[in-house]
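Here's the letter readout for the chains.
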Amino acid sequence: MPPLIVVDNVSRVFTSGARIVNALERISFEIQTGEFISIVGPSGCGKSTLLKIISGLLPASSGKVAVNGDLVINPLENVGMVFQAPVLLKWRSVLGNILLPVEFAKLDLPSHVEKARALIKLVGLEGFEEMYPHELSGGMQQRTSLCRALVTDPQLLLMDEPFGALDAMTRDELDLELLRLWEEKKKTVIFVTHSIQEAVFLSDHVFVMSARPGRLLEMLSMDLPRPRTLEMMSSPKFGEYTLKIRGLLSAGGGATEVIAGSTA
């Protein structure tokens, strides 16, 4: 089966006046349909920039990206995005925020209302449909953001440190929720995180990046059984993967302990 995503020798350079910043340097990889990929690396290594290039929101300075065999030259339509901040409209309810991409794309609203309600039930927000963002906890806001990303049934889900601002217990809860959704919906997920443990826990493969200019140091397969459980984090194999990634980050110019919530 051909890969869903091909990133081929992608580099990105930013210029600001006389200053030139090499953000990404010759990144190449392939992702198959339905895989869960996490990207880890030190702050400022270009993880978020890479997501934007894959989504078509930002052009590469050199190299190319293809999705479903088509070169990415414009923003992708069949993609859902979740950011660290939920970015909810304060004057719209949970249901109204979830339906935003449906309205923007001028899709059939009644059928998507039913999809939105099904997603709301799936993530445990049933009964909160008419609540507003200021009435929700941070975890509930991110659940709403996740439903919004999924309501148009995208093939690809791009997530940029979506749970980094949450407390540890809520983060664990949403990691489990995300895995349950992924196993049910069979989406392809690219997940940026600063947490090594989160990357190991969630992923089929973890892509480890160097300090800027961001280069791909290694692609590691997580040979851990599914469905995943939090108890798995105390297993010897889980610890081995964590130490391996920490060692790669240290050798690649990153901190030995990656801090959640830092900028990418």
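See above for the structure.
Within any chain, residue numbers begin from 1 and follow the written order of that chain's sequence. Predicted model: local features are reported for residues with pLDDT of at least 70 only, side-chain atom pairs are reported and counted for 80 or more only, and whole-chain, interface and lining totals are derived from all residues. Hydrogens and water are ignored here; the side-chain numbers use all heavy atoms of the structure.

Caption draft 1: Broad picture of the nonpolar core. Put simply, buried Ala, Val, Leu, Ile, Met, Phe, Trp, Tyr and Cys residues joined by side-chain atoms within 4.5 Å make one nonpolar core. Between buried and exposed lies partly exposed: a residue is buried under 20% and exposed over 50% of the maximum accessible area for its type, with that area taken using a 1.4 Å probe on protein chains only. Among the nonpolar cores identified, the biggest contains 49 residues, and Met159 and Ile245 are the most heavily contacted of them. Pairs of residues are marked as contacts when any of their non-hydrogen atoms sit within 4.5 Å. Those residues in contact with Ile245, other than ones at most four positions away along the chain, are Val40, Ile196, Val200, Val206, Val208 and Leu220. Membership of the second largest hydrophobic core comes to 26 residues, among which are Val7, Val10, Ile53 and Leu156.

Caption draft 2: How the structure looks around the sheet that holds strand E5 (residues 70-71). Strand pairing is assigned whenever DSSP detects at least two bridges linking the two strands. Helix and strand definitions follow DSSP, with helices as H or I runs of at least four residues and strands as E runs of at least two, each counted in order from the N terminus. The strand order E2-E1-E4-E5 describes an open sheet built from four strands, whose pairing is antiparallel. Of all the strands in the sheet, the pair left with one neighbour each is strand E2 (19-31) and E5. Here strand E1 (residues 5-16) pairs with strand E4 (residues 62-67) via five bridges, running antiparallel. In the sheet register, Ile5 faces E4, and the bridge partner there is Val67. Here an axis means a line fitted to C-alpha atoms, over the contact stretch when the element is a helix, while the angle between two N-to-C directions is reported on a 0 to 180 degree scale. Running at roughly 60 degrees to E2, helix H1 (residues 47-55) makes contact with E1, E2 and E4 of the sheet.

Caption draft 3: Spotlight on the packing of helix H5 (residues 138-150) against helix H6 (residues 168-185). Viewed as axis vectors pointing N to C, H5 and H6 meet at an angle of 20 degrees, and their least axial separation amounts to 11 Å. Between H5 and H6, the angle falls in the class roughly parallel. Helix-helix and strand crossings are classified by hand; for H5 and H6 the assignment is right-handed. Residues Gly139, Gln142, Arg143, Leu146 and Leu150 of H5 form the contact with H6, whose participating residues are Thr170, Glu173, Leu174, Glu177, Leu178 and Leu181. Geometric relationships in this document are graded by angle, where less than 35 degrees denotes roughly parallel, more than 145 denotes roughly antiparallel, 65 to 115 denotes roughly perpendicular, and other angles denote oblique. Should the near helix be turned anticlockwise from the far one by less than a right angle, the crossing is left-handed, and should it be turned clockwise, the crossing is right-handed.

Caption draft 4: Region of the structure containing the pattern of salt bridges. Put simply, a salt bridge is a Lys or Arg side-chain nitrogen that is within 4 Å of an Asp or Glu carboxyl oxygen. Applying the stated criterion to the full structure yields 11 salt bridges. The partner of Glu103 in a salt bridge is Arg92, and the shortest N-O contact between them spans 2.7 Å. In this pair, Glu103 sits in helix H3 (residues 100-104) while Arg92 sits in the loop between strand E6 (79-82) and helix H2 (94-98), placing the two residues 11 residues apart along the sequence. Note on Arg92: relative accessible area 19%, which makes it buried. Here Arg143 makes a salt bridge to Glu177, at a shortest N to O gap of 3.3 Å. A residue pair is termed long-range when its members are at least 10 positions apart, and Arg143 in helix H5 and Glu177 in helix H6 qualify at 34 residues. Arg143 gets classed as buried once you look at its relative accessible area, which sits at 10%. Salt bridges sharing common partners tie together Arg143, Glu173, Glu177 and Arg180.

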